[in-house]
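Coordinates in review
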Amino acid sequence: MNFQKNSDSVTQLIKRDISNEIKQTDENLEWLQKEMHPLFFVFNQAEVEALSLLTKSLHNMEYHKRLLLVDKPELTMLAQINERGSLYRTLLELPEKNISYAEVTTSRNKITDTEHGLEALRFDYSSKSESDIAQILEQDAVDGTLLADDTLVNTIKEELKKTCVDCGQVDVESYLKIVLANSPEYVHVSPPGRIARLISLYAQTDINDGIHLDLESVKSQGDDKEYRILFGISNPPSRGYVAQILEVFNRLNISLRRSYSLTLSNGIHPYFLSTFYVSPRDNSILSKDSELYLTLQREIYNTQILSSRSRSYKALVKKGITSGTDASMIDAMISFCHTNLAHNNPDSFTLEGIRRSFHNHPEITTQLVDLFYARFDPKQTDRETVYAEKLAATTAAITELNSGRKFLDDFRRTVFSCGLSFIKYTLKTNFFVQQKHALSFRLSPEYLEELGERFTEDLPVDRPYRVTFFYSRNGIAYHIGFSDIARGGWRTIITQGRDNYITSANTMFKENYVLAHTQHLKNKDIYEGGSKMVAVLRVDSNSNAESNRQHLYKLQLAFINAFFDLFVTEDGIAKNPKVVDYYAEDEPIELGPDENMHDVMIEIIAKQSVKRGYLLGPGVMSSKKVGINHKDYGVTSIGVIRFAEVTMKSLGIDMHKDEFSVKFTGGPNGDVAGNGMRLLMDRCPKVKIKLIIDGSGALFDPAGLDVTALDKVVLKSDLEGFDPESLHLGGFLLYRNQTRKEGMLELYKKVVMTDGGLEEQWISTDKFYKEFNSLAFTVEADLFIPAGGRPETIDKDNYQRYLNAQGEPSAKVIVEGANSYITPVARLELQRLGTVIIRDASANKCGVISSSYEIIANLMLSEEEFLTHKDEYVEDVIAKLNEMAEREATLILDRYAQNNGAIPYTDISNDISREINEHYARIFSYFSNNPDLSNRTVFQNAMLLHMPHLIGENEAFKTRLTKLPEKVKYAILASKLSSAMVYEGDSDSIYAGMIEAQVNKFPSFA
């Protein structure tokens, strides 16, 4: 065989093919220049090799189907043939990375001699962190390097004048600096008109509370109609979000021609800003009043709430059973049913089981959706008749559910009945509000009675005044309030992974209910009743701290805006016309910071309240910069320590003079624990702090911690910052965050002070947690202040661990700085065994009292006036806190002595709260029914006595009483009078006045 001859023949074929390829490449480049938008080349000018590869391969795209042009850690570029749904499928197959820039360009026509057009996709993954952006912007504030001259700014301002009539007040410089800090390359390659459009979209997104959608017609040549969709959101879903938006376009039969999506950060959280160029596949008109656009608007906004990974999305939306918006409402109903049914039956009413009920019975699920529409759709006509008919039909369908599987049918009837109650007792919802990040539902608590004792027997017997449920893409929340005007903190629990989320969701309703009820008992000395908001946030198990913070802020912003959708009113009715309001009254609800509520969010919520027009203005949130920061002034700890001083003195220990020992849960940098330690070190020269436990570890010293060493970490750092060299013999520090691996074992660091000095040990996980979890029970001290830790740490099953070998409590006195640290049953048992317990509703009430006075300042003073008089105002408040704490502590101890110890301290505390709250409810109702009374001098004087002296003694300030919301006036009067009846009077004096008044009404025979 002539191998050389065959080789030469192949070589000739290769040369001829190369020659043909060169000719074909020229034709391909000509086609790309003609059929692809010019910006495709401009924006990718740095990727010439990728463009060259596409040019060489274009005529073979039918063969390749998809061609990877660039595959780098920071960049992916690819080309593929254009088929229906191809973009969406490709995006689903991309690596799960956060996309900082996404670009899609489709050809105007089909590739020569093929049946398909071309799609070119680019995805950038290199983005700066929030802290990096914040640092760049801070540095620019010093040196001004981001904008070297005004030329670009002026050019963009001129472009904005052409394209945006509402952008006259836009701070172009600030927005442009943010874009430059994030992506200077974007500004470099983009024409001024494109940058102006981006800044306009960014500004409109800010103006519209973090979400904005707009439509512009781009061109119309014959049947070829193209439209520009502009969409911006703050804090977008992190992964797969572009794919989800494209899925909406595909599902609504809208073809995407080009898109440019940029994710950038303002140094606090990210924004997603995108421009989509689209055409309806059936060439229909896309206008702002068209049904197609209105549907697109609902579905695009709903991507904030419904994830394409949601099981309801897969079971209902993809199968065409429901729309995406209705699937969101169904998911909300599933979560509501789960959280209401599982807290007392977690093994029976699982999230999976409840979800399957809705997914496996779409006929009942869609009936519930129809019923919800009949009750709340603002466009519904003849509402009462339609709702009544659908309610009867839905009730019958649930009652008659029968698949022949009795146990399963009983379970699902219970689930659907809960869903039915959810709809029947919801009084208003923001579901039909277009621009929203979360769903909210304000319910009458009557639904709890309909659920029945099986699902409420583990809750306090008192029923709340309102229950509000919130649902979002990554979490849920409840706000539970026990009176019309109510205040309490907002706690967010961050869970990583599905199992942690479900565990928290199982019990969140009960935890929220108990905390709100405790708050109501605690709030007896102020005009607001008790409430609590608890949110559970779900993040990925591998999510980092910055990502967690972004998700946290997204959840909190979503929920607070959903809150305002319901509670911003005009003449008592929900102001948004999309909210059908069956309650129809103002609802003054005050929030406060609790777990995972950061300072930046406190300020944002207060400003948003003013912007949205909520009746309390900035008073919706306490602990603001222009306010009384709890940690800075130690207001909660003031009450805790005052209760401790009065209680210990009743047992013969003067904390200001005598030696005594104390143990804490809660770290030195925590609000209540840290300030409690500070007050003890300042006031009590002979105090011995023997134990501190916080999230980072446990610190024990049998002789009492060195005050100098402790002073270096109090209100500065957690326990890890403590110098263990200062420990006395036998003292030790357990480090929860310092571990190492030995083979398969994870070991925890422990340092112990021995005769030979400080010794480092490494102990097993089992030994660490056994010791860590036992210290609060076993370390002996005179006083125990639980000022941190999870609720129900000491319960009916473990309270005996609190006793020493002689059966005596490890600390004689417990003053609860943390809420619900000890369960009611455990409290009673420990008191029976000789422990003096001052419960949370009494001991830590001063924090909420301080917050109440901060809100009074918001209502009575301007920010400037408050800052001018802040020192005097805070001094007045602190004096009231000490007075109120001492007054109640004395009353509890007096009543205990009067009853010879027959009534436990905690029951006396409960009795005092109930007495005051019962008087409050009756008096509030009285003033509500007699509104003119609050304007009489004698009652205005009573209101002023409730307030700090600064207001009562200032002629200009005290005249502002008339401007207070009417309900607030009645509440202040009710609070002042009811607390005076209990603290300053007795049953005989109260009834003497009532009897005398009644006798004086009798006719006289004289």
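Counting of residues starts from 1 at the beginning of each chain's written sequence and follows it residue by residue. In keeping with the model being predicted, local features are shown solely for residues with a pLDDT of at least 70 and side-chain atom pairs are shown and tallied solely at 80 or more, while totals for entire chains, interfaces and linings include all residues. As a rule here, side-chain values come from all non-hydrogen atoms in the structure, and water together with hydrogens is ignored.

**A look at the overall build of the protein chain**
For the protein chain, the count of helices and strands is 37 helices and 26 strands. Here the protein chain has a C-alpha radius of gyration of 33 Å; the compact-globule value for 1006 residues is 30 Å, and the two agree. On the principal axes, the C-alpha backbone points of the protein chain span a range of 125 × 90 × 75 Å. Working rule for contacts: check all heavy atoms of both residues, and any pair within 4.5 Å makes them a contact. Of all intrachain contacts in the protein chain linking residues separated by at least 6 positions in sequence, the fraction that spans at least 24 positions is 71%. For the accessible areas, the method is Shrake-Rupley and the probe is 1.4 Å, while residue cover comes only from the protein chains on display. Accessible area for the protein chain stands at about 42,800 Å²; split by element, carbon and sulfur atoms hold 49% of it. With 113 positive and 139 negative side-chain charges, the protein chain shows a spacing of 4 Å between the two charge centroids. We count a stretch as a helix when DSSP gives it H or I for four or more residues in a row; a strand needs E for two or more, and each element gets its number in order from the N terminus. Radius of gyration: over C-alpha atoms. The globule rule applied is 2.2 Å multiplied by the number of residues raised to the 0.38 power. Charged residues are defined narrowly, with Lys and Arg counted positive, Asp and Glu counted negative, and His plus the chain ends left uncounted. To locate a charge, the coordinates of NZ of Lys, CZ of Arg, CG of Asp or CD of Glu are taken.

**Comments concerning the environment of Leu 137**
Position of Leu 137 relative to the elements: it lies in helix H6 (residues 130-143). Between the C-alpha atoms of Leu 137 and Lys 177, which are 40 residues apart in sequence, the distance is 7.6 Å. Residues in contact with Leu 137, not counting those within four places in the same chain, are Leu 146, Lys 177, Ile 178, Ala 181 and Asn 266.

**Some details on the pattern of salt bridges**
One speaks of a salt bridge when a side-chain nitrogen belonging to Lys or Arg is within 4 Å of a carboxyl oxygen belonging to Asp or Glu. In the structure shown here, the tally under the stated rule is 64 salt bridges. Note that Asp 140 is salt-bridged to Lys 177, the shortest N-O span being 3.1 Å. Residue Asp 140 is located in helix H6, and its partner Lys 177 is located in helix H8 (residues 172-182); the two are separated by 37 residues in the primary sequence. The exposure class of Lys 177 is partly exposed, given its relative accessible area of 26%. Taking the shortest distance from any N to any O, the salt bridge between Asp 682 and Arg 678 comes out at 3.9 Å. On the criterion of helical spacing, the pair formed by Asp 682 and Arg 678 is a turn pair, its members being 4 residues apart in helix H25 (residues 671-683). When accessible area is computed with a 1.4 Å probe and restricted to protein chains, residues below 20% of their type maximum are described as buried, those above 50% as exposed, and intermediate ones as partly exposed.

**Digging into the pairing of strand E25 (residues 811-815)**
The buried count for E25 comes to 4 of 5 residues, which makes it a mostly enclosed element. Here, a strand pair is defined by DSSP locating no fewer than two bridges between the strands. Two strands pair when backbone bridges link them, and strand E24 (residues 781-786) and E25 are joined in this way by 3 bridges, in the parallel orientation. Following the sheet pairing, Ala 781 is matched in E25 by Ala 811. Here 3 bridges tie E25 to strand E26 (residues 836-838), and the two strands are oriented parallel to one another. Note on E26: the bridge partner recorded for Ile 814 is Ile 837. By convention, a crossover is right-handed whenever its connection, traced from the first strand over the helix to the second and viewed with the strands pointing away, goes clockwise. The β-α-β motif built from E25, the intervening helix H28 (residues 824-832) and the parallel element E26 has right-handed crossover chirality.

**Description of the packing of aromatic side chains**
Note on aromatic contacts: the rings of Phe and Tyr and the six-membered ring of Trp form a pair at centre separations within 6.5 Å, being stacked when their planes are under 30 degrees apart, edge-to-face when over 60 apart, and tilted otherwise. With the rule as written, the count across this model stands at 50 aromatic pairs. Ring geometry for Phe 43 versus Tyr 260: centroids 5.4 Å apart, planes at 90°, classification edge-to-face. Of the two residues, Phe 43 sits in helix H2 (residues 38-43) while Tyr 260 sits in strand E7 (residues 254-265), which places them 217 residues apart along the sequence. The pair formed by Phe 43 and Tyr 260 is uniform in burial state, with each residue classed as buried. In this scheme, Lys NZ or Arg CZ marks a charge over a ring once it lies within 6 Å of the ring centre and within 35 degrees of the ring normal. Its guanidinium or amino end placed over the ring of Tyr 277, Arg 258 lies 3.8 Å from that ring's centre, counting from NZ or CZ. Against the face of Tyr 582 rests Arg 375, its NZ or CZ located 4.1 Å from the ring centre.

**Some remarks on the domain arrangement of the protein chain**
The assigned domain composition of the protein chain is domain 1 (2-124), domain 2 (130-303), domain 3 (314-619), domain 4 (657-845) and domain 5 (905-1005). Placing the centre of domain 4 and that of domain 5 at their C-alpha centroids yields a distance of 42 Å. The partner domain 5 presents 6 residues to the 8 residues of domain 4 that form the contact. Summed over both partners, the accessible area (1.4 Å probe) lost when two parts come together is defined as the buried area. Around 610 Å² of area is buried between domain 4 and domain 5 when both sides are counted, 49% of it from carbon and sulfur atoms. Area buried by domain 4 at its contact with domain 5 is led by Gln 831, Val 836 and Arg 839, which between them contribute 51% of it. The interface formed by domain 4 and domain 5 holds 0 salt bridges in total. Under the rule applied, a polar contact is a pair of N or O atoms within 3.5 Å (in protein, one hydrogen donor and one hydrogen acceptor; residues adjacent in sequence only if both atoms are side-chain atoms). At the junction of domain 4 and domain 5, the tally comes to 5 residue pairs in polar contact (both at pLDDT 80 or more). Secondary-structure elements contributing two or more residues to the side of domain 4 that touches domain 5 are H28 and E26. Note that Gly is not counted as nonpolar here; it falls among the polar residues with everything else outside the nonpolar set of Ala, Val, Leu, Ile, Met, Phe, Trp, Tyr, Cys and Pro and the charged set of Asp, Glu, Lys and Arg. Looking at the side of domain 4 that touches domain 5 residue by residue, the classes come out as 3 nonpolar, 2 polar and 3 charged. The split of the chain into domains comes from an automatic or database domain assignment.

**Quick look at the packing of helix H14 (residues 324-342) against helix H16 (residues 362-376)**
Axes here mean lines fitted to C-alpha atoms, for a helix over just the part in contact, with angles spanning 0 to 180 degrees between N-to-C directions. The N-to-C vectors of H14 and H16 enclose an angle of 100°; their axes lie 11 Å apart at closest approach. Judged by the angle between their axes, H14 and H16 are roughly perpendicular. When H14 is examined against H16, the residues Asp 326, Met 329, Ile 330 and Met 333 are found in contact with a partner set consisting of Thr 365, Leu 368, Val 369, Phe 372 and Tyr 373. Of the residues that constitute the contact of H14 with H16, the class distribution is 7 nonpolar, 1 polar and 1 charged. The cut-offs work like this: below 35 degrees is roughly parallel, past 145 is roughly antiparallel, 65 to 115 is roughly perpendicular, and the gaps in between are oblique.

**Things to note about a negative patch on the surface**
Where like charges cluster on the molecular surface, the negative patch consists of Asp 871, Glu 872, Glu 875 and Glu 953. Here Glu 875 is to be found in helix H31 (residues 863-898). Residues forming no salt bridge and having over 30% relative accessible area are the ones grouped into patches, like charges within 9 Å of each other and nonpolar side chains (Val, Leu, Ile, Met, Phe, Trp, Tyr) within 5 Å.

**Points about empty space enclosed by the protein**
Here the term cavity refers to a set of points on a 1 Å grid, laid over the protein atoms alone, in which a 1.4 Å probe fits but cannot get out; the term pocket refers to an open set having protein on both sides within 12 Å along at least five of seven lines, with lining residues being those that place an atom within 4 Å of a point. Grid points are joined across faces, edges and corners, and a volume is the space filled by probe spheres set on the points. Applying the stated rule across the entire model yields 4 cavities of 30 Å³ or more. If you add up the space inside the largest cavity, you get close to 130 Å³. Of the residues forming the lining of the largest cavity, the biggest block, 5 residues, is contributed by helix H21 (residues 545-567). Residue composition of the lining of the largest cavity, by class: 4 nonpolar, 8 polar and 2 charged.

**Comments concerning the sheet that holds strand E19 (residues 687-694)**
Paired through backbone hydrogen bonds, the strands of a sheet run either parallel or antiparallel to each other. Taking strand neighbours across the sheet as the criterion, the 9 strands line up as E23-E22-E21-E20-E19-E18-E24-E25-E26 in an open arrangement whose pairing is mixed. Each edge of the sheet is formed by a strand with only one pairing partner; in this case those strands are strand E23 (757-764) and E26. Shown here is a sheet whose adjacent strand axes are inclined to one another by a mean of 25°, direction ignored. Bridge count between strand E20 (residues 697-700) and strand E21 (residues 732-742): 4 bridges; the pairing is antiparallel. Within E21, the position partnered with Gly 697 by the bridge is Tyr 735.

**A closer look at helix H20 (residues 498-522)**
What a helix should span is 1.5 Å times the count of its residues minus one. Its 25 residues give H20 an end-to-end C-alpha distance of 34 Å, which sits within 8% of 36 Å, the value for a rise of 1.5 Å per residue. Met 508 marks where H20 bends most, by close to 45°. Burial analysis of H20 places 18 of its 25 residues in the buried class, the great majority of the element. A residue's bend is given by the angle between axes fitted to the 7 residues ending at it and the 7 residues starting at it.

**Things to note about the side chain of Ser 444**
The residue Ser 444 is located in the loop between strand E10 (439-443) and helix H19 (446-451) in this model. Once residues within four sequence positions are removed from consideration, Ser 444 is found in contact with Tyr 425 and Leu 427.

**A word on unusual backbone geometry**
Backbone geometry at Ser 623 places phi at a positive 65°, although glycine is not the residue there. Considering the arrangement of structural elements, one finds Ser 623 in the loop between helix H22 (599-612) and helix H23 (630-633). By relative accessible area, which is 4% here, Ser 623 ends up buried. At Asn 900, a position not held by glycine, the phi torsion is positive, near 55°.

**As for the nonpolar core**
The biggest cluster of nonpolar side chains holds 96 residues, and the ones touching the most others in it are Phe 664, Leu 783 and Tyr 873. When neighbours within four sequence positions are excluded, Tyr 873 is seen to be in contact with Ile 628, Tyr 853, Ile 856, Ala 857, Leu 861, Phe 866, Pro 948, Leu 950 and Ile 951. Definition used in this section: a nonpolar core is a set of buried Ala, Val, Leu, Ile, Met, Phe, Trp, Tyr and Cys residues joined via side-chain atoms within 4.5 Å. Phe 441, Leu 443, Leu 448 and Phe 455 belong to the second largest nonpolar core, which has 63 residues in total.

**A closer look at the packing of helix H5 (residues 86-93) against helix H11 (residues 241-251)**
H11 packs onto H5 with a crossing angle of 160° between their chain directions and a minimal axis gap of 9 Å. On the basis of the axis angle, H5 is roughly antiparallel to H11. The interaxial crossing formed by H5 with H11 has left-handed handedness. The residues of H11 that touch H5, namely those facing Leu 87, Tyr 88, Leu 91 and Leu 92, are Val 242, Ala 243, Leu 246 and Glu 247. Here the residues of the contact of H5 with H11 sort into 7 nonpolar, no polar and 1 charged. By convention, the crossing between two helices is left-handed when the near helix turns anticlockwise from the far helix through less than a right angle, and right-handed when the turn is clockwise.

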